[in-house]
Amino acid sequence: MAFIFVVALIIFGPKKLPEIGRQIGRAMNEFKRASNEFKAQVESEISKLDIPNEHQIMAPSQPPVGSIATQIGEPPPVAPPAPSESAAVAKAPDA
């Protein structure tokens, strides 16, 4: 840091150095102000997005009859057994 100061003193001279320092200080202050304004603007936009929506979620409507959604959770239909055929068939013994 001291080396940079000595080089600047040699290049610009003792009369110009305070003026250059003031200009650098003003530029850094302006940059800081602009970055703070940008940060505040971004935070305000984020806070606007965080506000809960006024839209309410509606209850789901009933699915059409016969669709896959109506069959979920319902047992599949079972056909009644034939009355005389099931009694006449002999069952094989388990091996």
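All of these numbers come straight from a predicted model, not from anything done at the bench. (Residues numbered from 1 in each chain as written. Predicted model: local features only at pLDDT ≥ 70, side-chain atom pairs only at ≥ 80, totals over all residues. Heavy atoms only, no water.)

1. Details of the overall build of the chain
The test is simple: Numbering goes from the N terminus for both helices and strands, where a helix is a DSSP run of H or I of at least four residues and a strand is a run of E of at least two. For every residue, the accessible area (1.4 Å probe, protein chains only) is compared with the maximum for its type, and the residue is labelled buried under 20%, exposed over 50%, or partly exposed between those bounds.
The number of helices and strands found in the chain is 3 helices and 0 strands. Seen in sequence order, the chain has helices and strands lined up from the N terminus as α-α-α. Counting only residues that meet the buried cut, the chain has 4% of its 95 residues in that class.

2. Notes on the pattern of salt bridges
Threshold: Any Lys or Arg side-chain nitrogen found within 4 Å of a carboxyl oxygen on Asp or Glu counts as a salt bridge.
One pass over the structure, following the stated rule, counts 2 salt bridges. Across the pair R33 and E30 runs a salt bridge whose closest N-O atoms are separated by 2.6 Å. In this pair, R33 and E30 are both assigned in helix α1 (residues 2–50), 3 residues apart and thus about one turn of the helix distant. Between E45 and K48 there is a salt bridge whose closest N-O contact spans 3.8 Å. Highlighted residues: E45 and K48, both in helix α1, separated by 3 residues, approximately one helical turn. For K48, a relative accessible area of 54% translates into the label exposed.

3. Observations regarding the environment of R33
Where we set the bar: Each polar contact in these results corresponds to two N or O atoms within 3.5 Å; when the atoms are within protein, one needs to be able to donate a hydrogen and the other to accept it, and residues that are neighboring in sequence are counted only if both atoms are side-chain atoms.
Of the residues examined, R33 reaches a relative accessible area of 41% and is grouped as partly exposed. In terms of polar contacts, R33 uses its side chain to reach the side chain of E30, at 2.6 Å.

4. A closer look at the confidence of the model for the chain
Stated formally: The pLDDT score gives, residue by residue, the confidence of the prediction method on a 0 to 100 scale.
Scored by pLDDT, the chain comes out at a mean of 77, with 63% of its residues at no less than 70. When pLDDT is averaged over each helix and strand of the chain, the minimum, 50, is found for helix α3 (residues 85–88) and the maximum, 91, for α1.

5. A short note on α1
Our working definition: Multiplying 1.5 Å by the helix residue count minus one yields the expected span of that helix. Note that the bend at a residue is defined as the angle between axes fitted to the seven residues ending at it and the seven residues starting at it.
For α1, with 49 residues, the first-to-last C-alpha span of 49 Å runs short of the 72 Å given by 1.5 Å per residue. Approximately 110° is the largest bend angle found in α1, and it occurs at G13, with the proline P14 only one to four residues beyond. Of the positions making up α1, those classed as buried are A8, G13 and L17.

6. So, a nonpolar patch on the surface
Here is the rule we go by: To count toward a patch, a residue needs a relative accessible area above 30% and no salt bridge. Like charges then connect within 9 Å, nonpolar side chains (Val, Leu, Ile, Met, Phe, Trp, Tyr) within 5 Å. Each accessible area value is a Shrake-Rupley result obtained with a 1.4 Å probe; residue values ignore everything except the protein chains displayed when judging cover.
On the surface, F5, V6, L9 and I10 cluster together into a nonpolar patch covering about 390 Å² of accessible area. Its place among the elements puts I10 in helix α1.

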